[in-house]
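Each chain, letter by letter, is given below.
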Amino acid sequence: MSNGPHAKLAELGLALPEVVPPLASYVPAVQSGQHVFVSGQLPMAEGKLLATGKVGGGVSAEQAKDLAERCALNALAAVDALVGLENVVKIVKLTGFVASAPGFTGQPGVVNGASELFGTVFGEAGRHARSAVGVAELPLDAPVEIEVIVEVS
C-alpha cells in the first residue's frame, strides 16, 4: 500500500475530503459493470464553493487550474467511497467544464489541474481521454466542474 493512491495523495500533502453531497436529485458516483461514472464535481471544500465567477474574468487561469485539481480530489473521494481507490484500474475519461469569460480560450490549461493530479496519483493508469469545454454558466456560479469515468477491478 506504500505506493498506492492514498500514499501518493499523502506524498502530495493531500487527503481525500468527505464526499460532496449532491446538489440535486442524483448520486455522487454510480458503478455499472467495471466502470464508475462520477457525477459533476465542483471545487467544494467543507461544504463551501472555493471560488465563484468566470475564468478569464474574476478568476485567473492559474486559480482555476487549482480549482480543477480540487474537483478531481472530490471525484476521487466519490470513487473511494463507492469502490475504494485501490480498485481503480484506469482513469478512462475526464470532461472538464470551464465557466469562461468572453474571449477566454485557455480551457485545456485549466483542466490540466485535474489531469495532472490523476497522472501523479495513478501514473500511467491516470492517463485518460479528455474534453475541456468552455461554458457560459455552471451550478452555483462555479468556475470549474469535472466529471470522470473510471475503470475498476
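Now for a look at the structure at hand. (Residues numbered from 1 in each chain as written. Predicted model: local features only at pLDDT ≥ 70, side-chain atom pairs only at ≥ 80, totals over all residues. Heavy atoms only, no water.)

### Digging into the environment of G119
- Residue placement: G119 occurs in helix α3 (residues 107–122).
- Distance in space between the C-alpha atoms of G119 and Y26 is 28 Å, their sequence separation being 93 residues. (Helix = DSSP H or I, 4+ residues; strand = E, 2+ residues; numbered from the N terminus.)

### Some details on the side chain of E145
- Position of E145 among the secondary structure elements: in strand β7 (residues 144–152).
- For the buried residue E145, which engages in no salt bridge, the nearest side chain bearing the opposite charge is K54, 12 Å off.
- Not counting residues within four places of it along the chain, the set of residues in contact with E145 comprises G40, Q41, L42, C71, T95, G96, F97, L138 and P139. (Buried < 20%, exposed > 50% of the residue type's maximum accessible area, 1.4 Å probe, protein only. Lys, Arg positive; Asp, Glu negative; His and termini not counted. Salt bridge = Lys/Arg side-chain N within 4 Å of Asp/Glu carboxyl O. Contact = heavy atoms within 4.5 Å.)

### Thoughts on the sheet that holds strand β1 (residues 29–32)
- Strands sit in the order β1-β2-β7-β5-β6 across an open sheet of 5 strands; the sheet is mixed. Taken across any chain shown, the strands that pair with only one partner, and hence form the sheet edges, are β1 and β6 (129–135). Averaged over neighbouring strand pairs, the angle between their axes works out to 15 degrees when direction is ignored.
- As paired strands, strand β5 (residues 88–99) and β6 are joined by 7 bridges and run parallel to one another. (Pairing = 2+ DSSP bridges. Axes fitted to C-alpha atoms, helices over the stretch in contact; angles between N-to-C directions.)

### Some remarks on α3
- For α3, spanning 16 residues, the distance from its first C-alpha to its last is 23 Å, which sits close to the expected 22 Å at 1.5 Å a residue.
- Bending of α3 peaks at approximately 35 degrees at the position of G113.
- When we look at burial in α3, the residues that qualify are Q107, V110, V111, G113, A114, S115, L117, F118, V121 and F122.
- Contact partners of the buried residues in α3: α1 (5–11), α2 (61–82), β5, β6 and β7.
- Just downstream of α3 lies G123, where phi reads positive at about 60 degrees. (Expected span 1.5 Å × (residues − 1). Bend = angle between axes of the 7 residues up to and from the residue.)

### Things to note about the pattern of salt bridges
- Taken as a whole and assessed by the stated rule, the structure comprises 4 salt bridges.
- Between D141 and K54 there is a salt bridge, and its shortest N-O distance comes to 3.9 Å. Here D141 is found in the loop between β6 and β7, whereas its partner K54 is found in the loop between β4 (48–49) and α2, with 87 residues between them in sequence.
- Each of the salt bridges in this network shares a partner with another, and the network as a whole consists of K54, E137 and D141.

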